[in-house]
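# Observations on the three-dimensional arrangement
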Amino acid sequence: MHYEWDFSFLSQYKSLIWIGVAYTMGFTVLTSVLGLLVGSVVALGRLAGRIWLTVPLVAFTEVFRCTPVLVQLVWCYYALPVVLGIELSPTSAALITLSCYGGSFYTEIIRGGIRSVERGQWDAGRALGMTRGKLMRNVVLPQAFKQMIPPLVNQTILQLKNTSLVSVLAVPDLLYQGQLITSATYRPLEVYSMVAVVYFVLLLPLTQFARWLEIRLSRSTA
Amino acid sequence: MTDHVSHLDPVAPPMIEIKQLKKSFGSLEVLKDISLAVPRGGVVSLIGPSGSGKSTLLRCVNLLETPSGGSIRVDRQALEFAPGSRLPADKRLAAFRANTGMVFQNFNLFPHMTVLGNVLAGPVVVKGRKKAEVLEFGRGLLAKVGLSDKENAYPASLSGGQKQRVAIARALAMEPQVMLFDEATSALDPELVGEVLGVIRALADEGMTMVLVTHEMAFAREVADRVVFMRGGVVVEDGPARQVIDDPKESATRAFLAHFHGQASD
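First things first, this report covers the structure right here in the doc. (Residues numbered from 1 in each chain as written. Chains lettered and ligands numbered in written order. Predicted model: local features only at pLDDT ≥ 70, side-chain atom pairs only at ≥ 80, totals over all residues. Heavy atoms only, no water.)

Further remarks concern the interface of chain A and chain B. Contacts between chain A and chain B engage 23 residues on the former and 27 residues on the latter. Between chain A and chain B lies a buried interface of about 2000 Å² when both sides are counted; carbon and sulfur atoms form 60% of it. In terms of surface lost to chain B, no three residues of chain A exceed Asp123(A), Ala127(A) and Leu128(A), which account for 27% of the buried area on that side. At the surface where chain A touches chain B, the tally comes to one salt bridge. Between Asp123(A) and Arg59(B) there is a salt bridge, with its nearest N and O atoms 2.9 Å apart. Between the two partners, chain A and chain B, sit seven residue pairs in polar contact (both at pLDDT 80 or more). Listing elements by their share of the side of chain A that touches chain B, those giving two or more residues are helix H5 (119–128) and helix H6 (132–162) of chain A. Ranked by residues supplied to the side of chain A that touches chain B, first place goes to H5(A) with nine residues. Tallied by class, the residues present in the side of chain A that touches chain B amount to seven nonpolar, nine polar and seven charged. (Contact = heavy atoms within 4.5 Å. Buried area = accessible area lost by both parts, 1.4 Å probe. Salt bridge = Lys/Arg side-chain N within 4 Å of Asp/Glu carboxyl O. Polar contact = N/O pair within 3.5 Å; in protein donor to acceptor, adjacent residues only side chain to side chain. Helix = DSSP H or I, 4+ residues; strand = E, 2+ residues; numbered from the N terminus. Nonpolar A, V, L, I, M, F, W, Y, C, P; charged D, E, K, R; others polar.)

All names here are of chain A. Secondary-structure assignment places Trp122 in helix H5. The class for Trp122 is buried, based on a relative accessible area of 19%. Taking C-alpha positions, Trp122 is 7.7 Å from Val139, a pair spaced 17 residues apart along the chain. Leave out the neighbours within four places in its chain, and Trp122 touches Ile114, Val117, Leu135, Met136 and Val140. (Buried < 20%, exposed > 50% of the residue type's maximum accessible area, 1.4 Å probe, protein only.)

Residues and elements named next belong to chain B. Across the sheet, six strands lie side by side as E6-E7-E8-E3-E9-E10; this open sheet has mixed pairing. Bordering the open sheet on either side are strand E6 (100–103) and strand E10 (234–240), each of which pairs with just one other strand. Ignoring which end each strand starts from, the neighbouring axes of this sheet average 15° apart. Relative to strand E9 (residues 226–231), strand E3 (residues 43–47) runs parallel, the two sharing four bridges. By the bridge assignment, Leu46 is partnered in E9 with Val228. In this fold helix H5 (residues 160–172) packs onto E6 and strand E7 (178–182), with an angle of close to 170° to the strand it touches most, E6. (Pairing = 2+ DSSP bridges. Axes fitted to C-alpha atoms, helices over the stretch in contact; angles between N-to-C directions.)

Okay, here's the thing in structure tokens:
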């Protein structure tokens, strides 16, 4: 089969593409930061070991972990107004959904990291007279963080790719802009190839940074 | 072999006073009505079979375990417990623990800190001192345990005996009034036990109040003033170290010590 590849038309859509990149990156940064915040709060809440706190927090994480993001996005935007009478703009619906979705996975990573620190470390910190906060900051988190880095970066990579789903709510991210360009030019092969390359270029430094960080951290305790 | 100099003051109130202490894990009663007093400068060794509650008792003294009943006093800080009672507030608890040093069977050094960092963790993190201010103090403690050349090493590169000596220096850096040793030599290769016991003996000679959970009967006999034999969560026998180990009154103590036959006699 013969196909004439031609990428030249993309240059006239430069500004659309840049807007898409800005939205994708903005969404990634915002939902990662908010997601980490949600994850930290939920993880610490669960580690407190109070049943009245644990039950709703487990319910929250499991609902977001066990349903597809696409469904969550649509539900948050279309069903929340009906059920709770809350009107959300597509952007804020997408931000909330992705933050909670990412947050539910971050929760498990953070909790796992903290729990991976040996009991003896807690004993040693307590025996020295550290308060809970000092113990967390000086003993537990520095060790837990090392365990968390690879899965956190992995989850953030997924988070960036998940932002492509916000296009169903007509949020003008990179994929949505690609769809617009495709419908105007009928050249999906070039457009989606370009979209893939942009995602790759955005993510490759992140994975390389994670590798570098992992090596550095493991060296510091050798 | 010389006896260590006694620092006991017969008039002063005991440094540690435990009264009717109880501890249960669920329906399992691990400590049943333990009463024990350790005088200022006293060295008490807790011996007994595994599961006798001796480690739990030690962990109760600095509240790593919450007693279910009874009272504990260390120097001027006293706490009472009742079934279901909660631990005191975080700050009060931390202050209570800061006054007692603890050394663990598995060392529990902080792997992400250097040897000196471990030793300074107490003064810097707990007491909020500036690192520069306490640097020489920390080095002094490392010298005391014979590890001056290791201050920049990480725990992973040390032998078990070296790790335990760092752990002792770390506990001493809080300048505690009491030191608790929870089977401090049980995880060590036999040839490394001596270097750790040497450090503990030196502390006894300085007059540090200490409670040792140990399986080293010869050491207990030599260093401790008193030996307490526990079994099934109760104190079976409590007396002068040599008398309990050489000539126990209770048959249970005799049966237990028979396992260590040969170690206890010179």
